[in-house]
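Report on the structure
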Amino acid sequence: MIIDGKAISAATRGDIKAQVDELKKQGVTPGLAVIIVGDDPASRVYVNNKKKACAELGMLSEEYALPADTTEEALLTLIDTLNGREDIDGILCQLPLPRHLDEKRVINAISAEKDVDAFHPVNVGKIMIGDYSFLPCTPAGVMELIRRSNIDVAGKHCVVIGRSNIVGKPMAMLMLHANATVTICHSRTQNLKEICRTADIIVAAVGKAYFVTADMVKEGAVVIDVGMNRNAEGKLCGDVDYDEVSKVASAITPVPGGVGPMTITMLMQNTVTAAKQRRK
Ligand code: GUN
């Protein structure tokens, strides 16, 4: 089975649209502010897609495109203003930031109630204890793909490859909350191949093209590819050797068209959730 992220994303956005329409009847339009500093081309594509998704769902979006030499003080002042804005429910500062800016300080400055990335330590802590306000977008997108594909997680062995704060660590936590037995692997893991071969579900979040090969995958395993890489020919590809691994996996996500569309969809859901929670 090919897990069709575009189709599942469209279905999920249908559900989100219904929530937006309901809020609008009550006079509330969910609003997202997106901050981008500098001109990283990949970040530019992501930010454009986020704005487009907001427009399609009838939500308000505001973009703050700041020059690469923006001072930390100016950025923090903008965040402070957005924190206080009644019509802005979600604030997202696109990462990575230029090197002279302290990412931790910037993330901490965003009000936890408006932190639709779920990067703020308060929200990270809530994820740890299973008391969610916002789900981290990419891991939540993976869980939604799995849920809507009717794949059982409870009791299964899930191997997450990668331990980043954005994907690997929260991914492992969501799988644990879904009652999987979870192993986190990373660049220092010994016997990676042997561990992966015991997995019922593999989530690859490595950032290396074609890292997961067919000999690492048990027959019938589910393989989720979070990677977004360019191969030698400059073509977009994931962390998984799709052509070979798809011959042994029972279900697999393609790149593009797998996890990618779901990440933005979950961001939209978080913004709607923020709008609801702030008006409770
Ligand atoms: N850069 C890469 N992924 C993300 C994300 O999910 N959120 C933000 N803010 N920046 C990113």
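Residues numbered from 1 in each chain as written. Predicted model: local features only at pLDDT ≥ 70, side-chain atom pairs only at ≥ 80, totals over all residues. Heavy atoms only, no water.

A closer look at the overall build of the protein chain
The number of helices and strands found in the protein chain is 10 helices and 10 strands. Taking 2.2 N^0.38 as the reference for a compact globule, 280 residues should give roughly 19 Å; the C-alpha atoms of the protein chain span a radius of gyration of 19 Å, in line with that estimate. Classification of the 280 residues of the protein chain by burial places 50% in the buried group. In the protein chain, 70% of the contacts between residues at least 6 apart in sequence involve partners at least 24 apart. With an accessible surface of roughly 13,100 Å², the protein chain has 53% of that area assigned to carbon and sulfur atoms. One finds the centroid of the 32 positive side-chain charges in the protein chain at a distance of 2 Å from the centroid of its 34 negative side-chain charges. (Helix = DSSP H or I, 4+ residues; strand = E, 2+ residues; numbered from the N terminus. Rg over C-alpha atoms; globule rule 2.2 N^0.38 Å. Buried < 20%, exposed > 50% of the residue type's maximum accessible area, 1.4 Å probe, protein only. Contact = heavy atoms within 4.5 Å. Areas by Shrake-Rupley, 256 points an atom, 1.4 Å probe, with all protein chains shown as cover. Lys, Arg positive; Asp, Glu negative; His and termini not counted. Charge placed at Lys NZ, Arg CZ, Asp CG, Glu CD.)

Points about empty space enclosed by the protein
A complete count under the given rule lists 2 cavities of 30 Å³ or more for this structure. When its volume is computed, the largest cavity comes out at roughly 40 Å³. Every residue lining the largest cavity is listed: Leu92, Cys93, Ile107, Ile110, Asp115, Asp117 and Phe119. A class-by-class count of the residues in the lining of the largest cavity yields 5 nonpolar, no polar and 2 charged. Its volume calculated, the second largest cavity comes out at about 30 Å³. Class assignment of the residues belonging to the lining of the second largest cavity gives a composition of 3 nonpolar, 3 polar and 1 charged. (1 Å grid on protein atoms, 1.4 Å probe; cavity = no way out; pocket = protein on both sides within 12 Å on 5 of 7 lines; lining within 4 Å. Points joined across faces, edges and corners; volume = space filled by probe spheres on them. Nonpolar A, V, L, I, M, F, W, Y, C, P; charged D, E, K, R; others polar.)

Focus on the layout of surface pockets
Estimated volume of the largest pocket: approximately 1,500 Å³. What lines the largest pocket is a set of 48 residues, and nearest its centre among them are Tyr46, Thr138, Met228, Gly260 and Thr263. Of all the elements in the fold, those that place two or more residues in the lining of the largest pocket are α1 (5-25), α2 (41-56), β3 (90-93), α6 (137-148), β8 (229-230) and α10 (259-278). With 9 residues, α2 is the single largest residue contributor to the lining of the largest pocket. When grouped by side-chain class, the residues that make up the lining of the largest pocket number 25 nonpolar, 14 polar and 9 charged. In this model, the second largest pocket occupies a volume close to 500 Å³. Together, 18 residues line the second largest pocket, and Ala118, Phe119, Val124, Asn165 and Ile166 are the ones closest to its centre.

Some points on the site of the ligand
Neighbouring the ligand are Leu92, Cys93, Gln94, Leu95, Asp117 and Phe119. At a separation of 3.2 Å, a nitrogen atom of the ligand approaches a polar side-chain atom of glutamine 94. Between a nitrogen atom of the ligand and a main-chain N or O atom of leucine 95, the distance comes to 2.9 Å. Burial of the ligand by the protein chains amounts to 80% of its free accessible area of 280 Å². Judged by the proximity of its atoms to the pocket grid, the ligand belongs to the largest pocket. Split by residue class, the shell around the ligand holds 4 nonpolar, 1 polar and 1 charged. (Near = heavy atom within 4 Å. Polar contact = N/O pair within 3.5 Å; in protein donor to acceptor, adjacent residues only side chain to side chain. Sits in = over half its atoms within 2 Å of the grid points.)

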